[in-house]
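Residues per chain, in single letters:
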Amino acid sequence: MKLTVISGAARARSKSNTALILENFCRGYEAEGNQTQTFYLSDRNQWEAARAAFDASDNLLIALPLYVENLPGLLLEFLGTLTPKRTPGAKLAFLVQGGFPEASQLRCCEEYLETLPARLGCIYGGTLIKGNMFFLRLLSDKQQEELRMFETMGKRFAQLGRFDKDEVTLFAAPEYMPETALKVFRGPGKFFQRLVMNAISRKMGGRGNLEARPYKDGE
Amino acid sequence: MRLLIVSTLPEEDPEARQVIGTLRAKAEECRVIMAREIRPCSGCNACWLVTPGICSIRDGYEEILKAYLQYDATVFVCGTALGFAEYRMKNVIDRMLPLVTMLLTVKDGQMRHVMRYKKQLRWGLVYTGEADETYMNRWMERVMVNAGGVCLGAFSASRVQEVPV
Ligand SMILES: Cc1cc2nc3c(=O)[nH]c(=O)nc-3n(C[C@H](O)[C@H](O)[C@H](O)COP(=O)(O)O)c2cc1C
């Protein structure tokens, strides 16, 4: 079985969390002798080939980072250039990952994605959601081991031919953070995150206050 | 009410003219910004971590960022595609990131960004074309939860009169 994958992330492949997740997911999908081919929309030179692959494939996965509760503008632009399929039967699934840790934060986007395949002449193949991915690129190789969970989901997707909503809910848990975790976050976590964010900022060449207000009107 | 309108519809589009005209008549003062050429957010995180509050893309969006802070309310006016806000408007909304800081807080049991400015934003959306109004409202509500502001609602163009501005 061959899966055509399109990444709707705006960041270049070398910097994108979506790309890192897809590497692992596709390894899992390929485990039993399946094939994948991935296109990255961050590179506009790949759009034409991605469109042609969309037209030719009946087994599709679109992966994306959550951007303000929904699809990134870049991906919407690409989708607008597609011609809906005329022959029925093609399946379109999604993989959405976001920065906030709770699965509940991805549900609004998921609701839209449930309606999207029909508009493109496809059958809905389910959506894999996962939060807490903001720091992925900043983790050590050892911590990135956690990404193996996407390899497992890739294997599972190959077996089922779609994402099962109940399985995804287990995978994406917690739906909401437990009150104990929120308490830590409101207390010591408040100071700890400042330390971490400032350190990352310095590493990226940042200067100045993370809470700076460059425009005076909002004060 | 001092109203900001950010539109991604073509200036000469009759429906756009009608929507903008109706909104204009409701406000004491109104500024319209045409934003058809706003580029997509590149996800570089500079506005959070390198030059806090300032976007690295120079395409005129800074003018819109400043205007959000100057006006009492903002109404976005856009077309739709695939049953959702067209990509041009999503680019505009995605580029709001400089308004929030990288720091997180908890609000109503969910993680949220700490807002950069004290001003409470009031945003609404008017769209032409086909979309599910209930869903568009759900999305706009979520946008405003993230922006720590008040959602004025999402309205199809035929209901522009009902926008609470
Ligand atoms: C413009 C923009 C908007 C975002 N909006 C959300 C959001 O609404 N919810 C969320 O959980 N994460 C949000 N994020 C975080 C990204 O989804 C997250 O960092 C993701 O891992 C980035 O993947 P990428 O490296 O492939 O772009 C946003 C990031 C950007 C740049």
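Thresholds applied
Residues numbered from 1 in each chain as written. Chains lettered and ligands numbered in written order. Predicted model: local features only at pLDDT ≥ 70, side-chain atom pairs only at ≥ 80, totals over all residues. Heavy atoms only, no water. Buried < 20%, exposed > 50% of the residue type's maximum accessible area, 1.4 Å probe, protein only. Helix = DSSP H or I, 4+ residues; strand = E, 2+ residues; numbered from the N terminus. Contact = heavy atoms within 4.5 Å. Pairing = 2+ DSSP bridges. Axes fitted to C-alpha atoms, helices over the stretch in contact; angles between N-to-C directions. Domains from an automatic or database assignment. Buried area = accessible area lost by both parts, 1.4 Å probe. Salt bridge = Lys/Arg side-chain N within 4 Å of Asp/Glu carboxyl O. Nonpolar A, V, L, I, M, F, W, Y, C, P; charged D, E, K, R; others polar. Right-handed = clockwise from strand over helix to strand, strands pointing away. Lys, Arg positive; Asp, Glu negative; His and termini not counted. Near = heavy atom within 4 Å. Polar contact = N/O pair within 3.5 Å; in protein donor to acceptor, adjacent residues only side chain to side chain. Areas by Shrake-Rupley, 256 points an atom, 1.4 Å probe, with all protein chains shown as cover.

> Quick rundown of helix 3 (residues 73–80) of chain A? Include the residues and the values.
Burial of helix 3 of chain A is extensive: seven of the eight residues sit out of reach of the surface. Listing the buried residues of helix 3 of chain A in full gives Gly-73, Leu-74, Leu-75, Leu-76, Glu-77, Phe-78 and Leu-79 of chain A. In this structure, the buried residues of helix 3 of chain A make contact with strand 1 (2–7), helix 2 (47–56), strand 3 (59–65) and helix 4 (107–119) of chain A together with strand 5 (84–85) and helix 4 (87–94) of chain B.

> An account of the sheet that holds strand 2 (residues 35–40) of chain A is needed here, citing residue identities and associated values.
Residue and element names in this part refer to chain A. Judged by pairing direction, the sheet is parallel, and its five strands sit side by side in the order 2-1-3-4-5 without closing on themselves. One side of each edge strand has no neighbouring strand; the edge strands of this open sheet are strand 2 and strand 5 (123–130). Within this sheet the neighbouring strands show an average axis-to-axis angle of 20°, counted without direction. Bridge analysis of strand 1 against strand 3 gives four bridges, and the strand direction is parallel. Among the inter-strand pairings, Ile-6 is bridged to a residue of strand 3, identified as Ile-62. Relative to strand 5, helix 4 is tilted by about 160°, and along the sheet it contacts strand 3, strand 4 (91–97) and strand 5.

> Mind laying out the domain arrangement of chain A, listing which residues take part and the relevant values?
As a measure of interface size, the accessible area lost when the parts come together is often cited. Here chain A is partitioned into domain 1 (2–172) and domain 2 (179–218). A separation of 30 Å is found between the C-alpha centroids of domain 1 of chain A and domain 2 of chain A.

> With reference to specific residues and values, describe the interface of chain B and chain A.
Taken together, the contact between chain B and chain A spans 51 residues of the former and 52 residues of the latter. Regarding the contact of chain B and chain A, the summed buried area is about 4700 Å², with carbon and sulfur atoms giving 62% of it. The interface formed by chain B and chain A includes three salt bridges. The salt bridge involving Arg-142 of chain B is made with Glu-69 of chain A; its shortest N-O contact spans 2.8 Å. For the side of chain B that touches chain A, the secondary-structure elements that each account for two or more residues are helix 2 (46–49), helix 3 (61–70), strand 5, helix 4, strand 6 (100–107), strand 7 (110–115) and helix 5 (133–146) of chain B. Split by residue class, the side of chain B that touches chain A holds 27 nonpolar, 13 polar and 11 charged.

> I'd like a description of the pairing of strand 5 of chain A, backed by residues and values.
Residues and elements named next belong to chain A. Taken across its eight residues, strand 5 has six buried, putting it largely inside the fold. For strand 4 and strand 5, the ladder comprises six bridges, and the chain directions are parallel. If you follow Phe-94 over to strand 5, its bridge partner there is Thr-127. With respect to chirality, the unit in which strand 4 leads through helix 4 into the neighbouring parallel strand 5 is right-handed.

> Break down the pairing of strand 7 of chain B for me, citing the residues and quoting the values.
Residues and elements named next belong to chain B. The pairing of strand 6 with strand 7 spans five bridges and is classified as antiparallel. Residue Thr-105 lies in a different strand from strand 7, and its bridge partner there is Arg-112. Hairpin connection from strand 6 to strand 7: two residues lie between these consecutive antiparallel strands, with Asp-108 at a positive phi of about 50°.

> Before we move on, can you summarise the pattern of salt bridges with the specific residues and values?
Scanning the model with the defined rule gives 21 salt bridges over all chains in all. Close ionic contact of Glu-111 of chain A with Arg-138 of chain B constitutes a salt bridge, the shortest N to O distance being 2.2 Å. Placement of the pair is Glu-111 of chain A in helix 4 and Arg-138 of chain B in helix 5, with the two residues belonging to separate chains. For Glu-111 of chain A, a relative accessible area of 31% translates into the label partly exposed.

> Help me get a handle on the side chain of Arg-116 of chain B, residues and values and all.
Structurally, the position occupied by Arg-116 of chain B is in the loop between strand 7 and strand 8 (122–127). Nearest to the buried, unbridged Arg-116 of chain B among oppositely charged side chains is Glu-211 of chain A, at 7.9 Å.

> I'd love a proper account of the environment of Gln-35 of chain A, names of residues and values included.
In this fold, Gln-35 of chain A is placed in strand 2. Separated by 141 residues in sequence, Gln-35 of chain A and Tyr-176 of chain A place their C-alpha atoms 36 Å apart.

> Describe the sheet that holds strand 1 (residues 2–7) of chain B, and please don't skip the residues or the numbers.
All names here are of chain B. On the basis of which strands lie adjacent, the open sheet formed by five strands has the order 2-1-3-8-9 and parallel pairing. In the strand order of this sheet, the two ends are held by strand 2 (29–34) and strand 9 (150–156), each with one partner. For this sheet, the mean inter-axis angle between neighbouring strands, taken without regard to orientation, is 15°. Summarising the sheet, strand 3 (residues 73–78) and strand 8 pair through five bridges and their orientation is parallel.

> Give me the site of the ligand: which residues, what numbers.
What surrounds the ligand is a group of 22 residues, the closest being Arg-11, Ser-16, Asn-17, Thr-18 and Gln-97 of chain A. One finds residues of chains A and B in close proximity to the ligand. Between the ligand and the protein, one listed contact pairs an oxygen atom with a side-chain N or O atom of Ser-16 of chain A at 2.7 Å. Asn-17 of chain A is positioned such that a nitrogen or oxygen atom in its backbone is 2.7 Å from an oxygen atom of the ligand. Compared with its free state, where it exposes 650 Å², the ligand has 94% of that area covered by protein. In terms of residue class, the shell around the ligand is built from 10 nonpolar, eight polar and four charged.

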